[in-house]
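Here are the chains, one letter per residue:
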Amino acid sequence: MKHTIHMNMIRTALALVIGCLPLGVSAKVTLPRFFSDNMVLQQQSECNIWGKADKGRTVVVITSWDKQSYSATVDQEGYFSVKVKTPKAGGPYDISFATAPSQPSSRQASGLGLDCVLHNVLIGEVWICSGQSNMEMQMKGFKQQPVEGTTEELLHCKDSSLRLFTVKRHASLVPEWDVTGEWSEAFPASVRDFSATAYYFGKALRSTLDVPVGLIVTSWGGSACEAWMHPDWLRAFPKVQQTITETDVQKLQQRCPTALYNGQLKPLIGFTLRGAIWYQGEDNVPRYDYYAPLLKAMVEGWRADWGQGAFPFYYCQIAPYDYSLIDRKDSQYLREQQQKAESMISNARMAVLMDAGLEYGIHPRKKRQAGERLAILALANTYGVKGLPDFATYSGVEFQGDTAVIAFDRSKEWVYFEHGPHSQNFEIAGEDRVFHPADAWVSRNRVYIKSNEVRHPVAVRYAFKDWVEGDLMHDGLPVSSFRTDNW
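Residues numbered from 1 in each chain as written. Predicted model: local features only at pLDDT ≥ 70, side-chain atom pairs only at ≥ 80, totals over all residues. Heavy atoms only, no water.

Draft legend 1. Examining the pairing of strand β16 (residues 393-400) more closely. Inspection of the sheet shows β16 paired to strand β17 (residues 403-409) by 7 bridges, in the antiparallel sense. Residue pairing in the sheet places glutamate 398 in a bridge with valine 405 of β17. The antiparallel pairing of β16 with β17 creates a hairpin that spans 2 residues between the two strands, and glycine 401 there sits at a positive phi of about 65 degrees. (Pairing = 2+ DSSP bridges. Helix = DSSP H or I, 4+ residues; strand = E, 2+ residues; numbered from the N terminus.)

Written as structure tokens, this is what we have:
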């Protein structure tokens, strides 16, 4: 039920109430922490807002941008929810919450007792940012693991229209209702403690779109993809443990199936958004063989839960690293699965980081590249911004005598090598399946590969190893590692 509220009522409400009481303090209306001062709501949408109040009462939500009210009856469990219409990007605005014993009429509205008011609310673009340590990694970096360019960035990061929210780590056996965290405007102290990848993503959106941007980071270093999934979605994967106890959660934490879905994602589900970005996969390297269908199941599960259709999902391919340092190997197969997932998941694209890894560190310093490449995908594919580059992909191979010829898709500007006319990152094999280093060169939009050790080649691999400095580029962006065989 909707009522037009007289301006005197708004002024009275704002005079009576300073702000929402925090969770745990006695109040008629209790909101999850992500509905608070400084938050961002998705523009031109019907945004979900929910909370708790005494059962049977009526909660009235009043939005200052259009002087409208939206009412809901609190159910027997003590919960309420409303949908509020948001305008084009702008602000700041206020959102007021009032309660009454029963459904008020428009005449009664001016006599409502206000419970709380949210201040400094912006309307703009909202994105969920999730994954493991390379999404979690703050601008200040980890101990003895810096992020490249942080000092310079902190000198220029102040932006009152870029809003940041970080969900505190929490693994749970059962679905939670709320998270721990708070919204903040972007300034040196808040940016320093915020995800570097997410920050650079949001900064690029702010610069190009010129609208407020809200980023909600929910991540945990070392987390498994399985941890971010509902148990129903995991039934298709027999290798995944399904019977979970509290002991499992305490022992495995971020690697425990479903534990982060319950503790860090479920409370956010329903917060109206534009899309999601994802940087994860390192923990799944030993289980690479089913990562593509696993990621597909996760994305489709998130979308079904959110009820917003096939919202955009952009993700980073894990960067090269010497996995032997942590007694693992074959991360190239996980990267291959991530590339495969791009064609399996609708409205999803992958940002390639073959040139942004770190041989001796699983946490690359080049987070600006990660965030900005995710932003390129979002700006081009979600917002329709023209003139941005795209990631070329391997499309096929033709064997001409002793030479292999590689073709590419999305390569209007033609591929090239970053450091000269040749590359040493290619290998070639014959029927014996033994790969030999090969010389590679580019002619127009094709890469030619040849080795004196292989007279009749049948397979080619590019950068197909754990650690490599990718040098095959297109329009300033790297091409993913690939292979032509399925051995």
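Draft legend 2. Main features of the pattern of salt bridges. A full pass over the atoms with the stated rule returns 23 salt bridges. The partner of lysine 366 in a salt bridge is glutamate 148, with the nearest N and O atoms 3.4 Å apart. Placement of the pair is lysine 366 in the loop between β15 (348-351) and α11 (367-381) and glutamate 148 in the loop between α2 (133-136) and α3 (150-154), with a sequence separation of 218 residues. On the basis of relative accessibility, which here comes to 28%, the residue lysine 366 falls in the partly exposed class. Residue aspartate 485 pairs with arginine 461 through a salt bridge whose shortest N-O separation is 2.9 Å. Taken together, the positions of aspartate 485 in the segment after β25 (482-483) and arginine 461 in strand β22 (residues 459-462) put the pair 24 residues apart, joining distant regions of the chain. (Salt bridge = Lys/Arg side-chain N within 4 Å of Asp/Glu carboxyl O. Buried < 20%, exposed > 50% of the residue type's maximum accessible area, 1.4 Å probe, protein only.)

Draft legend 3. Local environment of the sheet that holds strand β18 (residues 415-417). Spatially, β18-β23-β24 is the arrangement adopted by the 3 strands of the open sheet, whose pairing is antiparallel. The sheet is open, and its two borders are formed by β18 and β24 (477-478), each paired with just one other strand. Bridging between β18 and strand β23 (residues 472-474) involves 3 bridges; their strand directions are antiparallel. Note on β23: the bridge partner recorded for tyrosine 416 is methionine 473.

Draft legend 4. Summary view of the packing of aromatic side chains. One pass over the full model with this rule turns up 32 aromatic pairs. With a centroid separation of 6.0 Å and an interplanar angle of 80 degrees, the aromatic rings of tryptophan 306 and phenylalanine 311 are classed as edge-to-face. Under the relative-accessibility criterion, tryptophan 306 is labelled buried at 6%. Summarising the aromatic geometry, the rings of phenylalanine 426 and phenylalanine 482 are spaced 6.4 Å apart at their centres and angled 70 degrees between planes, so their arrangement reads as edge-to-face. (Phe/Tyr/Trp six-rings, centres within 6.5 Å; stacked < 30°, edge-to-face > 60°.)

Draft legend 5. Looking closely at the packing of helix α5 (residues 196-209) against α11. Running from N to C, α5 and α11 cross one another at 45 degrees; their axes reach a closest spacing of 7 Å. On the basis of their axis angle, the class for α5 and α11 is oblique. For α5 against α11, the interelement crossing comes out right-handed. Contact residues: Ala196, Thr197, Tyr200, Phe201, Ala204, Leu205, Thr208 and Leu209 in α5; Lys367, Arg368, Ala370, Gly371, Glu372, Leu374, Ala375, Ala378 and Leu379 in α11. Among the residues making up the contact of α5 with α11, the classes are represented as 11 nonpolar, 3 polar and 3 charged. (Axes fitted to C-alpha atoms, helices over the stretch in contact; angles between N-to-C directions. Parallel < 35°, antiparallel > 145°, perpendicular 65-115°, else oblique. Left-handed = near helix turned anticlockwise from the far one by under 90°. Contact = heavy atoms within 4.5 Å. Nonpolar A, V, L, I, M, F, W, Y, C, P; charged D, E, K, R; others polar.)

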